[in-house]
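The lines below spell out each chain.
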Amino acid sequence: MHATLPHSPLHVRSLADVEERVDQGMVYEIIVRVRETRLTSILSHAMIGMSLFLLPYPLAYIPTAVLDGLFLYMAVTGLYGNQMLDRILLLFMEQAASPDRKSVV
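Residues numbered from 1 in each chain as written. Predicted model: local features only at pLDDT ≥ 70, side-chain atom pairs only at ≥ 80, totals over all residues. Heavy atoms only, no water.

(A) Region of interest: the overall build of the protein chain. Each helix and strand counted, the protein chain has five helices and two strands in total. Its helices and strands taken in sequence order, the protein chain reads α-β-β-α-α-α-α from the N to the C terminus. Here the protein chain holds 105 residues, and 8% of them are scored as buried. Looking at the protein chain alone, contacts between residues at least 24 apart form 17% of all its contacts between residues at least 6 apart. (Helix = DSSP H or I, 4+ residues; strand = E, 2+ residues; numbered from the N terminus. Buried < 20%, exposed > 50% of the residue type's maximum accessible area, 1.4 Å probe, protein only. Contact = heavy atoms within 4.5 Å.)

(B) Quick peek at the pattern of salt bridges. Under the criterion given, the structure shown has three salt bridges. Among the ionic pairs, D17 bridges to R35, the shortest N-O distance being 2.7 Å. Taken together, the residues D17 in strand β1 (residues 16-23) and R35 in the loop between β2 (26-34) and α2 (39-51) connect sequence positions 18 residues apart. Accessibility expressed as a relative area gives 26% for D17, which makes it partly exposed. Note on R35: relative accessible area 37%, which makes it partly exposed. Its salt-bridge partner being R21, residue E19 comes within 3.0 Å of it at the nearest N-O pair. A relative accessible area of 43% places R21 in the partly exposed class. Connected through salt bridges with shared partners, the residues D17, R33 and R35 form a single ionic network. (Salt bridge = Lys/Arg side-chain N within 4 Å of Asp/Glu carboxyl O.)

(C) Expanded view of the pairing of β1. The pairing of β1 with β2 spans eight bridges and is classified as antiparallel. Directly across from R21, in β2, lies its bridge partner Y28. Hairpin remark: β1 followed by β2, antiparallel, with two residues in the connecting loop; positive phi at Q24, about 55°. (Pairing = 2+ DSSP bridges.)

(D) Geometry of a nonpolar patch on the surface. Residues L52, L55, L59, I62 and V66 make up a contiguous nonpolar surface patch of roughly 420 Å² in combined accessible area. Here L59 is to be found in helix α3 (residues 56-59). Judged by its relative accessible area of 37%, L59 is partly exposed. (Patch = residues over 30% accessible without salt bridge, like charges linked within 9 Å, V, L, I, M, F, W, Y side chains within 5 Å. Areas by Shrake-Rupley, 256 points an atom, 1.4 Å probe, with all protein chains shown as cover.)

By themselves, these observations are geometric and do not establish any function.
Okay, structure coming up:
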């Protein structure tokens, strides 16, 4: 996955129709349909390309701490809902507190 908008899970989730179903007391979110659009990927990549021309000038005025904070925020928010992180956290969780499923889906 890339850090660009069309390839992010958040973008795909925003285009999805989700239903919540309850089975044995657990709430599951099931994706029913995902609308596909190529317009957002074309526009976002074009804007990324145009931003390369402006790269030297605005970056000189933005403090490094602001950019570091932005990238740290993007990294931390990208961890939520990450299947690999969820599985690693299951290793440190007690069996009584873990979900009743055999794997995290």
